[in-house]
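Understanding the architecture of this molecule
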Amino acid sequence: MSERVAGVGDVPEGTLVRFEFQGTHIAIGNVGGSFYAVDDACTHMGCPLSDRPLDGTTALCHCHGSQFDVTNGEVVNGPARRPVQTFAVEVSGDDLLVEAPASD
Ligand code: FES
């Protein structure tokens, strides 16, 4: 089940913006007009990844320099070792809908 989290215009190209989603925070990135969402907490020590520009598909954690690919959550550079959780984003008109991960 997906829910509206933001408008398309709320996430300018090349940025990663923080939003509330189901009691937590996610960061939605705009990479050339395609949208991706990740958990807004670095897997190293939990610093937010949002509200900074993207370098292509890469988000930089300002705390200790970890880098993550927002398209798949994978670590590009440590010290983080674990990928960040990703969320599916669907564009519906002017809305960005985010899908909650399936619960176990
Ligand atoms: S908390 Fe992100 S690199 Fe340390």
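As shown above, the structure is provided for reference.
These remarks concern the structure in this document. The shown structure was predicted, so the numbers you read here are calculated from the model rather than taken from an experiment.

Examining the overall build of the protein
Broken down by element type, the protein carries zero helices and eleven strands. In the protein, the order of α-helices and β-strands from amino to carboxyl end is β-β-β-β-β-β-β-β-β-β-β. A compact globule built from 104 residues would reach a C-alpha radius of gyration of about 13 Å, and the protein, at 13 Å, matches this within 12%. In terms of its C-alpha atoms, the protein occupies a principal-axis envelope of roughly 40 × 35 × 20 Å. In the protein, buried positions account for 27% of the 104 residues. Taking the contacts inside the protein whose residues are at least 6 apart along the sequence as the reference set, 43% of them involve residues at least 24 apart.

Examining the environment of Val-8
With respect to the element layout, Val-8 can be found in the loop between strand 1 (2–7) and strand 2 (15–21). A tally of 15 C-beta atoms within 10 Å means that Val-8 is categorised as partly exposed. As a C-alpha pair, Val-8 and Asn-30 span 22 residues in sequence and 9.1 Å in three-dimensional space. With near-sequence residues (within four places) excluded, Val-8 lies in contact with Val-91, Asp-94 and Leu-96.

What to know about the environment of Ser-2
Looking at where Ser-2 falls in the secondary structure, it is placed in strand 1. Overall, the presence of 15 C-beta atoms within 10 Å leaves Ser-2 in the partly exposed class. Along the backbone, Ser-2 and Phe-87 are 85 residues apart, and their C-alpha atoms lie at a distance of 10.0 Å. Setting aside chain neighbours within four positions, we find Ser-2 in contact with Glu-90, Leu-97, Val-98 and Glu-99.

Some thoughts on the nonpolar core
Of all hydrophobic cores here, the largest spans 22 residues; its most connected members are Ile-28, Ala-37, Val-38 and Leu-49. The set of elements that each furnish at least two residues to this core consists of strand 1, strand 3 (24–31), strand 4 (34–39) and strand 11 (95–99).

Some thoughts on the sheet that holds strand 4
Pairing is antiparallel across the open sheet formed by five strands, whose spatial order is 5-2-3-4-9. Since the sheet does not close on itself, it has two edges, and those belong to strand 5 (52–53) and strand 9 (86–87), each with one partner. Examined bridge by bridge, strand 4 and strand 9 share two bridges and lie antiparallel to one another. The residue bridging Ala-37 from the neighbouring strand is Phe-87, located in strand 9.

Rules and cut-offs
Per-chain numbering applies: the sequence of each chain, read as written, is numbered from 1 onward. Only residues with pLDDT of at least 70 get local features here, since the model is predicted, and only at 80 or more are side-chain atom pairs given and counted; chain-wide, interface and lining totals rely on the full set of residues. We count a stretch as a helix when DSSP gives it H or I for four or more residues in a row; a strand needs E for two or more, and each element gets its number in order from the N terminus. Taken over C-alpha atoms, the radius of gyration is set against a globule rule of 2.2 Å times the number of residues to the power 0.38. Exposed residues have 12 or fewer other C-beta atoms within 10 Å of their own C-beta, buried residues have 20 or more, and partly exposed residues fall in between, where C-beta atoms are placed from the backbone. By the convention adopted here, residues are in contact when the distance between their C-beta atoms, placed from the backbone, does not exceed 7 Å. A set of buried Ala, Val, Leu, Ile, Met, Phe, Trp, Tyr and Cys residues, joined to one another through C-beta atoms within 7 Å, is what we call a nonpolar core. Note: two strands are recorded as paired if DSSP finds a minimum of 2 bridges between them.

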